[in-house]
Amino acid sequence: MESCRRRRRGPAQPGPGAAHRDPSPRRWSCRAVNYDERSHLHDAFTQMSHSLQEVAAAQGSFRVAFPHAAEKIQKIILQLKEVQACIPPCGLQEVARRFRCRGCYSTVCDLPLDCPVQDLTVTRGHQAMFFCTVNFQLPKEEITYSWKFAGGGLRTQDLSYFREIPRARGYLARIRPVQPTHRGTFSCVITHDQRPLARLYFFLNVTGPPPRGETELQVAFREVLRWAPREGEMIEPWTPSLGELLARPEALTPGNQCLLAVAVALASASATVLAWIFFRWYCSGD
């Protein structure tokens with residue numbers, strides 16, 4: 001860390017013994033290293049500080065110990081795992097996070113969280129598939145996917161237009177059969193431990209006429225909705241008489257004949273009772 005500060009002040013004046021030292025490793029003393037290697041770097045500096053104290057105690061000065069320690073720490077830095085390059089165009093890429101020894105802080109790729117909109121054209125009645133994948137490495141655990149949809153044919157990245165699709169989970173979303181109501185933008189959010197890593201957008205454009213069978217069914221349904229009786233054609237309920245019922249061929253079934261016989265018997269019995277009651281009344285009056 002001290003060598004980093006000295007380099008910012010400008011080139012140092014060569015001293016005794018400087019001609020036989022290779023200055024090229026000093027370019028690596030302040031470079032950015034892989035963020036996952038920071039613990040190894042910390043251990044190397046800790047060991048170097050202890051070594052400096054031991055050498056200084058033995059020889060009475062740090063002046064002799066510093067060049068050897070600096071060369072040793074530079075070799076250790078060169079052996080650390082290289083920083084992975086940022087992969088455009090989007091995403092929070094933790095694998096490319098780098099630790100900067102100049103200020104003891106870490107940085108990530110300067111890329112937007114929102115990925116460009118991908119266009120997909122599907123014929124009506126067919127299948128549409130969306131793959132929520134990115135071209136950089138994701139963490140191996142606690143990765144979740146959530147899907148949203150902005151309907152009405154909108155091609156947008158404005159989050160205020162999107163509504164969540166509750167049953168959509170996983171990196172793959174499939175729609176079948178595709179209908180005109182599906183025209184719009186689908187969004188997938190990749191999250192790690194409740195922290196968004198990337199937002200992908202897919203604009204679905206639905207083209208083509210509906211299937212033939214669906215068209216014929218819609219035409220028949222519209223014809224039914226359009227049909228209505230005219231004002232002069234009044235539909236009246238049919239109330240047939242006994243003679244019309246008996247004249248129908250299917251009216252004189254065995255069951256109907258039994259019912260007719262029972263009705264005739266009840267009618268004659270009722271007439272007999274009424275005649276007997278009238279005769280008793282008439283005779284009682286004499």
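S.K.: Please clarify how the overall build of the protein should be interpreted in this entry.
M.R.: The helix and strand tally for the protein stands at six helices and 10 strands. When each of the 286 residues of the protein is scored for burial, the buried share is 23%. Restricting the contact set of the protein to residue pairs at least 6 apart, pairs at least 24 apart contribute 67%.

S.K.: How should the sheet that holds strand β6 (residues 143-150) be read in this particular structure?
M.R.: Note: strands within a sheet are paired through backbone hydrogen bonds, in either parallel or antiparallel orientation. Read from one edge of the open sheet, five strands run β4-β10-β9-β6-β7, paired in mixed fashion. Because the sheet does not close on itself, it has two edges, and the strands there are β4 (114-123) and β7 (163-164). Strand direction decides the pairing type here: strand β9 (residues 184-192) and strand β10 (residues 195-207), joined by nine bridges, are antiparallel. By the bridge assignment for β10, V189 is matched with R199.

S.K.: Got a minute to help me understand the environment of Y145 in this structure?
M.R.: Along the polypeptide, Y145 turns up in strand β6. Note: C-alpha distance between Y145 and C132 (13 residues apart in sequence) is 8.0 Å.

S.K.: Help me out: how do you make sense of the pairing of strand β8 (residues 172-175) in this one?
M.R.: Look at any regular strand and the pattern is simple: side chains alternate between the two faces of the sheet. In β8, alternate side chains face the same way, and those of A173 and I175 are buried while those of L172 and R174 on the opposite face are not. Pairing of strand β5 (residues 128-131) with β8, which is carried by four bridges, proceeds in the antiparallel orientation. Paired with M129 across the bridge in β8 is R174.

S.K.: Even after reading the chapter, I still don't get the state of the cysteines, so can you show me in this structure?
M.R.: In protein structure, a disulfide is the covalent linkage between the sulfur atoms of two cysteines. For the structure on display, the rule yields three disulfides. Across the disulfide from C90 sits C115; the S-S distance is 1.9 Å. Its S-S torsion of about 85° marks the bond between C90 and C115 as right-handed, since a negative value means left-handed. Of this pair, C90 sits in the loop between α3 (65-79) and β2 (98-100) while C115 sits in strand β4, and the two are 25 residues apart along the sequence. There is no split in this pair, since C90 and C115 are both buried.

S.K.: Explanation requested: the nonpolar core in the structure shown.
M.R.: Soluble globular proteins tend to bury their nonpolar side chains together. With 22 residues, the main nonpolar core has F130, W147 and L204 as its most contacted residues. For this core, the element with the most residues is β10, which contributes five residues. In contact with F130, not counting residues within four places along its chain, are L120, W147, Y171, L172, A173, I175, F186, F202 and L204. With six residues, the next largest nonpolar core counts A44, L52, A69 and I73 among its residues.

S.K.: Mind showing me how you'd approach the packing of aromatic side chains here?
M.R.: Aromatic ring pairs are defined here through the distance separating the ring centres and the angle between the ring planes. For the structure on display, the rule yields seven aromatic pairs. Ring geometry for F130 versus W147: centroids 6.4 Å apart, planes at 40°, classification tilted. One end of the pair, F130, is in strand β5; the other, W147, is in strand β6, and 17 residues separate them in sequence. A relative accessible area of 1% means that W147 is categorised as buried. Between F162 and Y201 the ring centres are 5.9 Å apart and the planes differ by 55°, which places this aromatic pair in the tilted class. Here F162 is found in the loop between β6 and β7, whereas its partner Y201 is found in strand β10, with 39 residues between them in sequence. Comparing F162 with Y201 shows no difference in burial state: the two are buried.

S.K.: Can you help me understand the confidence of the model for the protein in this one?
M.R.: Detailed conclusions should not be drawn from predicted coordinates in areas where pLDDT is low. When the pLDDT values of the protein are averaged, the result is 77; 72% of them are 70 or greater. Segment residues 1-29 is flagged for pLDDT under 50; beyond a separation of four residues in sequence, or across chains, it makes 22 contacts in the model.

About the thresholds
- Residues numbered from 1 in each chain as written.
- Predicted model: local features only at pLDDT ≥ 70, side-chain atom pairs only at ≥ 80, totals over all residues.
- Heavy atoms only, no water.
- Helix = DSSP H or I, 4+ residues; strand = E, 2+ residues; numbered from the N terminus.
- Buried < 20%, exposed > 50% of the residue type's maximum accessible area, 1.4 Å probe, protein only.
- Contact = heavy atoms within 4.5 Å.
- Pairing = 2+ DSSP bridges.
- Disulfide = S-S within 2.5 Å.
- Core = buried A, V, L, I, M, F, W, Y, C linked by side-chain atoms within 4.5 Å.
- Phe/Tyr/Trp six-rings, centres within 6.5 Å; stacked < 30°, edge-to-face > 60°.
- pLDDT = per-residue confidence, 0-100.

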